[in-house]
Amino acid sequence: MKKNSVTSSLSIPYWNGRRRALAAASLSILLLLAVSAAGMLLQSKGTATNLSMRNLVPSLQHLLGTDWLGRDMFVRTISGLALSIKVGLLGAISSVIIAFFIGLAAAVGGRRLDRVISWLIDLFMSIPHLVLLILIAFVCGGGMKGIVIGIMATHWPSLARVVRAEAQQLLSSHYVKLSRQLGRNSWWIASRHIAPHVLPQVVTGFLLMFPHAILHEAAITFLGLGLSPHQPAIGVILSESMRYLSTGMWWLALFPGLGLLIVVRSFDRLGEAARVLLQPRDAHH
């Protein structure tokens, strides 16, 4: 009886933490889905100009004001955030797939392949991240394709290292050794035994990679090396607003920057919640 009461008291913080994580994840997902859906609906209006409504301060008619061409900043901000989410999603998913397969290959492909992959990971991680992203995006012609390829090619090393370390740990487990004794080859073991166990790390890594992808997309677009100036991207909006801040048009940079911060923070919260929800109960104790 006493043992049951102790176990029950130890479980309370665990379940409370899971409930909080689930609530945070739900709110983050709802916010991101709302921004994406609104961005798709408002995309055609993001470049609509109305010179008679230029440089209006935020009001009930225009919640975030208008810019020097009379474009509604609420519409442009939502469209830009939705575009950033789309680019980040494509780049992060591609990068996670690369990290997953490279990490598994390093663990089960033998010492020679492991050395080559470890050297490749160290090489990519030794180059300044943003510089490499800009170079790859520039070589690929810029635009959405260049940014997605740049994110895909530069964000995988850290997650690949985590997957490799986790997979190598699992290779020493009893059921993997038993599979080897039964004649199973390395790739069968990787797909049946190792891959399911590293999926939680991959999911968490994807959610934590996403904010970096969005910020880097905004950064290189801000520098003029990313998306077209005609697209309502957050980096483009912030870059253009710099010329008008000195004239008192503060809303052109404040609200898009704040929106980007909220979206990035939502993905951070989602990643933290996923880590809690995917954590085994025994690890909490």
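Scroll up for the structure.
Report follows, based on the coordinates. Predicted model, so just to flag it, every value in this text is computed and none were measured.

## As for unusual backbone geometry
Residues other than glycine seldom take positive phi values, yet Asn-55 does so here, at roughly 55 degrees. Summarising the element assignment, Asn-55 is placed in the loop between α1 (2–42) and α2 (73–108). Taking the relative accessible area as the measure of exposure, Asn-55 reaches 35% and is therefore partly exposed.

## Quick look at the packing of α2 against helix α6 (residues 157–171)
Where α2 meets α6, the closest approach of the two axes is 8 Å, and the angle between their N-to-C directions is 35 degrees. As for the relative orientation of α2 and α6, their crossing is right-handed in sense. Here α2 contributes Val-96, Ala-99, Phe-100, Ile-102, Gly-103, Leu-104, Ala-106, Ala-107 and Val-108 to the contact with α6, which in turn contributes Leu-159, Ala-160, Val-163, Arg-164, Ala-167, Gln-168 and Leu-171. Taken together, the residues of the contact of α2 with α6 break down into 13 nonpolar, two polar and one charged.

## Brief notes about the side chain of Asp-72
In this fold, Asp-72 is placed in the loop between α1 and α2. Within the buried core, Asp-72 has no salt-bridge partner, and the shortest N-O distance to an opposite charge, that of Arg-76, equals 8.7 Å. A polar contact of 3.1 Å, which involves the side chain of Asp-72, links it to the backbone nitrogen of Val-75. In this structure Asp-72 touches His-62, Gly-65 and Thr-66, once residues within four positions along its chain are discounted.

## Quick word on the environment of Val-202
Along the chain, Val-202 turns up in helix α8 (residues 186–222). The exposure class assigned to Val-202 is buried, which follows from its relative accessible area of 9%. Considered as a pair, Val-202 and Val-162 are 40 residues apart in the sequence and their alpha carbons are 8.8 Å apart. Not counting chain neighbours up to four residues away, the residues in contact with Val-202 comprise Val-96, Phe-100, Leu-159 and Val-163.

Thresholds, definitions, all that
- Counting from 1, residues in each chain are numbered in the order their sequence is written.
- pLDDT decides what is reported in this predicted model: residues at 70 or higher carry local features, side-chain atom pairs at 80 or more are listed and counted, and totals for whole chains, interfaces and linings draw on all residues regardless.
- To get the side-chain values, take all heavy atoms of the structure and skip hydrogens and water.
- By definition, any uninterrupted DSSP run of H or I lasting at least four residues is a helix, any uninterrupted run of E lasting at least two residues is a strand, and each is numbered from the N terminus.
- Each residue's exposure class comes from its accessible area (1.4 Å probe, protein chains only) as a fraction of the maximum for that residue type: buried when under 20%, exposed when over 50%, partly exposed otherwise.
- For every element, the axis is a line fit to its C-alpha atoms; helices are fit only across the contacting stretch, and the angle between N-to-C directions ranges from 0 to 180 degrees.
- Handedness of a helix crossing follows the sense of rotation of the near helix relative to the far helix, less than a right angle counterclockwise being left-handed and clockwise being right-handed.
- It only takes one pair of heavy atoms within 4.5 Å for two residues to be counted as in contact.
- Polar here means any residue outside two lists: the nonpolar Ala, Val, Leu, Ile, Met, Phe, Trp, Tyr, Cys and Pro, and the charged Asp, Glu, Lys and Arg; Gly therefore counts as polar.
- Under the convention used here, Asp and Glu are negative, Lys and Arg are positive, and both His and the chain ends fall outside the count.
- Salt bridges, as used here, are contacts in which a Lys or Arg side-chain nitrogen is within 4 Å of a carboxyl oxygen on Asp or Glu.
- For this analysis, a polar contact is any N or O atom pair within 3.5 Å, provided that within protein one partner can donate a hydrogen and the other can accept it, and provided that sequence-adjacent residues contribute only side-chain to side-chain pairs.

Interpretation in functional terms is not warranted from these geometric data alone.
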